[in-house]
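As a plain string of letters, each chain reads:
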Amino acid sequence: MAQWERLRQLHSVYQQQLDELYDRDGLPMDVRYYLAAWIEKQEWERAVRDYDLAMVLFQVLLDNLDTQHSRFVQEEQFLLKHNIRRYKQNFQVCLEQPCTLASTILWFLQKEKEILETAELDMQVKLLQVEPEQMETDSQKDLERRMAGLRNEVQCVEHALTCLEEQQDEFDFKYKTHQMEGATEEAAKKEQDQNMKVLQMLINRLDECRKTMLSNLGKLLDRSEELLSVLVKKELLEWQKRQQKACIGAPDNVCLDQLENWFTCVAVCLFQVREFLSKLQELMGKLTYPNDPVKAQKPVLQSRVDSLLTELLKSAFVVETQPSMPQGKGPLVLRTNVQFSVKTRLLVKFPELNHAMRVTVSMSRYRRFNVLGSNSKALNMAESQTGGMVADFRHLTLKEQKSGGSGKGVNDISLSVTEELHIIYFDTVFEMKGLSVNLQAASLPVVVISNSSQQQSAWSSILWFNMLSQDPKDITFFANCPAAMWPQLGEMLSWQFLSATKRGLEPEQLDMIAYKLFGKQQNYDSCKMTWSRFSKENVPNANFTFWVWFDGILVLVKTYLENLWRDGSIMGFVSKAREKTLLKKKQTGTFLLRFSESVRDGGITFSWVEYSPTGEPDVKSVQPFTKVDLSQIPFHEIIRNFQIFEAENVPENPLLYLYPNTPKDEAFGKYYTDKTGDDSPYIKYIKTKLMFVSKENTLEAKSPMYSDMAEGEGLEPVNGLCGEAAGSSAACVMQLTPPNIHAV
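Residues numbered from 1 in each chain as written. Predicted model: local features only at pLDDT ≥ 70, side-chain atom pairs only at ≥ 80, totals over all residues. Heavy atoms only, no water.

- An unreviewed UniProt entry lists the protein under the name Signal transducer and activator of transcription, with Myripristis murdjan given as the organism.
- Checking UniProt for the protein, the heading Sequence similarities (unreviewed entry) contains the comment "Belongs to the transcription factor STAT family." (UniProt positions renumbered as here; feature names shortened; annotations may be inferred.)

**A few points about the overall build of the protein**
Here is step 1: When helices and strands are tallied, the protein shows 23 helices and 20 strands.
Here is step 2: With 744 residues in all, the protein has 47% of them scored as buried.
Here is step 3: For the protein, long-range pairs separated by at least 24 residues make up 70% of all intrachain contacts whose partners lie at least 6 apart in sequence.
Here is step 4: Surface exposure of the protein reaches about 36,600 Å², of which carbon and sulfur atoms provide 49%. (Helix = DSSP H or I, 4+ residues; strand = E, 2+ residues; numbered from the N terminus. Buried < 20%, exposed > 50% of the residue type's maximum accessible area, 1.4 Å probe, protein only. Contact = heavy atoms within 4.5 Å. Areas by Shrake-Rupley, 256 points an atom, 1.4 Å probe, with all protein chains shown as cover.)

**Comments concerning the sheet that holds strand 6 (residues 376–378)**
Here is step 1: In space, the four strands of this open sheet follow the order 6-4-8-9, with antiparallel pairing throughout. Two strands close off the open sheet at either side, each with one partner strand: strand 6 and strand 9 (435–442). Each neighbouring strand pair of the sheet contributes to a mean axis angle of 25°, computed without reference to strand direction.
Here is step 2: Relative to strand 9, strand 8 (residues 424–432) is paired through eight bridges, and the arrangement is antiparallel. In the strand pairing of strand 9, Met 432 is matched with Leu 435. (Pairing = 2+ DSSP bridges. Axes fitted to C-alpha atoms, helices over the stretch in contact; angles between N-to-C directions.)

**A word on unusual backbone geometry**
Here is step 1: For the peptide bond that leads from Tyr 659 to Pro 660, omega is 10°, which places it in the cis range.
Here is step 2: Among the secondary structure elements, Pro 660 is positioned in the loop between strand 18 (657–658) and strand 19 (662–663).
Here is step 3: The phi dihedral of Leu 332 is positive, around 75°, even though this residue is not glycine.
Here is step 4: Its place among the elements puts Leu 332 in the loop between strand 1 (317–324) and strand 2 (333–335).
Here is step 5: At His 355, a position not held by glycine, the phi torsion is positive, near 65°.

**Remarks on the pattern of salt bridges**
Here is step 1: Under the defined criterion, the tally for this structure stands at 39 salt bridges.
Here is step 2: Of the charged contacts in the structure, one is a salt bridge between Glu 275 and Lys 433, with a shortest N-O distance of 3.1 Å. Pair noted here: Glu 275 is in helix 11 (residues 257–286) and Lys 433 is in the loop between strand 8 and strand 9, with a separation of 158 residues, a long-range link.
Here is step 3: Note that Glu 282 and Lys 279 form a salt bridge whose closest N and O atoms lie 3.4 Å from each other. Taken together, the positions of Glu 282 and Lys 279, both in helix 11 and three residues apart, correspond to about one turn of that helix.
Here is step 4: A relative accessible area of 37% means that Glu 282 is categorised as partly exposed.
Here is step 5: Connected through shared salt-bridge partners, Asp 257, Glu 260, Glu 320, Arg 345 and Lys 349 make up one network. (Salt bridge = Lys/Arg side-chain N within 4 Å of Asp/Glu carboxyl O.)

**Overview of the packing of aromatic side chains**
Here is step 1: Per the counting criterion, the structure on display carries 37 aromatic pairs.
Here is step 2: Their ring planes at 90° and their centres at 5.9 Å tell us that Trp 4 and Tyr 22 sit as a pair that is edge-to-face. Of this pair, Trp 4 sits in helix 1 (residues 3–8) while Tyr 22 sits in the loop between helix 2 (12–21) and helix 3 (29–34), and the two are 18 residues apart along the sequence.
Here is step 3: Judged by centre distance (5.6 Å) and plane angle (90°), the rings of Phe 271 and Phe 350 are edge-to-face. Of this pair, Phe 271 sits in helix 11 while Phe 350 sits in the loop between strand 3 (340–346) and strand 4 (358–363); the two residues are 79 residues apart in sequence, bridging distant segments of the chain.
Here is step 4: We classify Phe 271 as buried; its relative accessible area is 3%.
Here is step 5: We classify Phe 350 as buried; its relative accessible area is 7%.
Here is step 6: We note Lys 516 situated over the ring of Trp 549; from NZ or CZ to the ring centre the distance is 4.5 Å. (Phe/Tyr/Trp six-rings, centres within 6.5 Å; stacked < 30°, edge-to-face > 60°. Lys NZ or Arg CZ within 6 Å of the ring centre and 35° of its normal.)

**What to know about the sheet that holds strand 5 (residues 369–373)**
By definition, the strands of a sheet pair up through backbone hydrogen bonds, in either a parallel or an antiparallel sense.
Here is step 1: Taken in spatial order, the four strands make up an open sheet running 1-3-7-5, and their pairing is antiparallel. Each end of this open sheet is capped by a strand with a single partner; those strands are strand 1 and strand 5. Across the sheet, the axes of successive neighbouring strands diverge by a mean angle of 35°, strand direction being ignored.
Here is step 2: Pairing between strand 5 and strand 7 (residues 389–400): five bridges, direction antiparallel. Each residue of the ladder has a partner; that of Phe 369, found in strand 7, is Glu 400.
Here is step 3: Packing of helix 12 (residues 293–316) onto the sheet brings it into contact with strand 1 and strand 3, and relative to strand 1 it is tilted by some 15°.

**Points about the UniProt feature "coiled-coil region" (unreviewed entry) in the protein**
Here is step 1: Residues given the UniProt feature "coiled-coil region" (unreviewed entry) here are residues 140–167.
Here is step 2: Its end C-alpha atoms 41 Å apart, residues 140–167 is made of 100% helix and 0% strand.

**Some remarks on the packing of helix 14 (residues 486–501) against helix 15 (residues 507–518)**
Packed helices, taken two at a time, are described by the angle their axes make and the gap between the axes.
Here is step 1: For the pair helix 14 and helix 15, interaxial distance at closest approach is 11 Å and the crossing angle is 125°. On the basis of their axis angle, the class for helix 14 and helix 15 is oblique. As helix 14 packs across helix 15, the resulting crossing turns out to be right-handed. Facing Trp 486, Leu 489, Gly 490 and Leu 493 of helix 14, the residues of helix 15 in contact are Leu 510, Ile 513, Ala 514, Leu 517 and Phe 518. (Parallel < 35°, antiparallel > 145°, perpendicular 65-115°, else oblique. Left-handed = near helix turned anticlockwise from the far one by under 90°.)

**Points about the nonpolar core**
A general feature of soluble globular proteins is that nonpolar side chains tend to end up buried together.
Here is step 1: Residues Trp 464, Trp 486, Leu 489, Phe 606 and Phe 635 are the most contacted members of the largest nonpolar core, which totals 162 residues.
Here is step 2: Top element by residues in this core is helix 10 (residues 189–247). It accounts for 16 residues. (Core = buried A, V, L, I, M, F, W, Y, C linked by side-chain atoms within 4.5 Å.)

**A few points about the state of the cysteines**
Here is step 1: Counted by the stated rule, this structure contains zero disulfides.
Here is step 2: Unpaired in this structure, Cys 265 has its nearest cysteine sulfur neighbour in Cys 269, at a distance of 4.5 Å. (Disulfide = S-S within 2.5 Å.)

**Quick word on the packing of helix 13 (residues 455–468) against helix 14**
Here is step 1: Across the interface, helix 13 lies against helix 14 with an axial gap of 11 Å and an inter-helix angle of 130°. By the angle between their directions, the pair helix 13 and helix 14 is classed as oblique. Where helix 13 crosses over helix 14, the handedness of that crossing is right-handed. On the side of helix 13, the interface is formed by Trp 459, Leu 463, Trp 464, Met 467 and Leu 468, while helix 14 contributes Gln 488, Leu 489, Met 492 and Gln 496.
Here is step 2: The residue makeup of the contact of helix 13 with helix 14, split by class, is seven nonpolar, two polar and no charged. (Nonpolar A, V, L, I, M, F, W, Y, C, P; charged D, E, K, R; others polar.)

**Things to note about helix 7 (residues 78–91)**
Here is step 1: Counted at 1.5 Å a residue, the expected span for helix 7 with its 14 residues is 20 Å, and the 20 Å between its end C-alpha atoms agrees.
Here is step 2: When we look at burial in helix 7, the residues that qualify are Asn 83, Ile 84, Tyr 87 and Phe 91. Each buried residue of helix 7 sits inside an arc of 100° when the element is viewed along its axis, so together they form one side. For helix 7, the exposed residues set more than 90 degrees away from the buried face come down to Phe 78 and Gln 89. (Expected span 1.5 Å × (residues − 1). Arc of directions from axis to C-beta.)

**Thoughts on the side chain of Ser 224**
Here is step 1: Tracing the backbone shows Ser 224 in helix 10.
Here is step 2: In contact with Ser 224, not counting residues within four places along its chain, are Leu 150, Val 266 and Leu 270.

**Overview of the confidence of the model for the protein**
Here is step 1: Of the residues in the protein, 83% have a pLDDT of 70 or more, and the chain-wide mean is 82.
Here is step 2: Here residues 405–411 is modelled with pLDDT under 50, and outside its nearest four sequence neighbours on either side it reaches nine contacts, counting other chains as well.
Here is step 3: The low-confidence segment residues 696–744 (pLDDT under 50) makes 127 contacts with residues lying over four places distant or belonging to another chain. (pLDDT = per-residue confidence, 0-100.)

Given below as structure tokens:
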């Protein structure tokens, strides 16, 4: 079934997500609907990198809109005819940048897939009749038992209160009867004395029951306080730490449903205690006596239950989804004048408060920002898939206030803009059954930038803060920034690949990175990395920092190499010495894929082993391929078509076996696009077949392999790619420093 048809059949909750997706500019829902089949058949991912293909798709898109316009003219659909004409005019602005339009359409299709995947996962969970999180710890099971015990105690106290009320009614009836009899002179004195004894017994028993009731309420509050302490100081704190790690890529569970159940359970019980106290007050109003225990103890219990409820409610208001831009590098990096979204949630769910509590948004004081957009919204149950009380802000924008002052306030220290941390606050008021509590939730610290070029540096600040900070509100963190131990840093680096590509870093890859940072060590666990060295200081013999290098590789993999990385074809982080050790014992033509250590924005190369007539291993390599190269031809096609010229000038592909011993075509065959000549996308759209060819005598054939830093890296085309009209046999040449690589 087509993707759009599947989306239209989803539950209303997901339909709402789809509506919100197409609230954005870029791709009108009408265009998506009427051109659904055509849109889903096109290779938008390749069009993002391929200008010629993008231009072809752009022209076909306009033709399709013309066809739809003609159809609506014939059908006299005035409004649709008008809209389609307007959409075509809006798309005309992409004439000079068709790749941008392809990127926009690809982004919308990917977001649709995310909605479908979420819906399908939820459906699978419901069919299996299991909770989303299957792994229930012993402490959670114990907490569930204690919650059940609390509910049971509340029921027991409720029953005891009913019995107490019945006893008081019995006393009241007999006391009034005694008064009536006492007013009759004929009543025997002996009988009156007997009645007084009965009344005294009843009042004594009533007094004892009141004392027992108050004692049980005290014990109920003790149990509630213990559970509240576990919820706030353990479970909620652990969730906040998981959320911090999840924001920087950790695969931690941040679902709030279980916490919501627990918080709601305790809140319901505490509100019932308030009702019990109100009932006792009512009974005391009907009947009191000297040394009445309700009169003495009720105010203390009332104050205590209100205090516990206040603490619970203040803790229960949280930021469920941290602030993030739709196409940002990660959460918590915001750009002025660019929309971002954030979701708050009240973990105490009372249906009667649906749409009754309004949440307002504000910003921390220094470097003042105006929060624009819909910055006030009601907590409601419609915007949550599980029916939680949420306020989902989807269209907020920050605009910096212009101030005449020159100081930075709390940041009156030498910090860069990407080290300045800000907190977004959310305020609301809880009012129910006579209790009113002001609530405030705070986001994790955000970095606010004004230019997309600052995003890489800002994201490194978010990574460092959430990896190391023990105080989620410490906005002066970078004034005295701690160093990271290697185990922490290595885990965080692995999360970046895991979140971007669904495959993290192997221990061997992490060891190579540690070796690059700290040199050879017996054990790297005690090694430390400073913030400055991570994000500010250039690595030796280079003009970029460690983070810039690492992030460049991550972006390269995510954009061009994700499939090869996920299936394990790319060894990636491996030192040159280790590379030689691995290859020199393998058969001729064995090759591996590794990342360059000296290309700023990410580079990947391959090295292979050959043997001299005397049997000596000879490891050779080519200059790294960058995003410039991979945007023109996929890396698997480069590997497939790479050739060198032998002495007889006969081209030969030296790449035969992917390390350790997988035949090349077996490893990469599933990715080949040029299955048959006529079906090749390069033939169809570029009319040019790219083939990377190296002259053998220009390859550095040293063992160990030559340093890519010494040789210089990156493809620098002199003539660039050239293409001729359809049907011609075009030839394109790239002039390069050794080794030479040609496109034929």
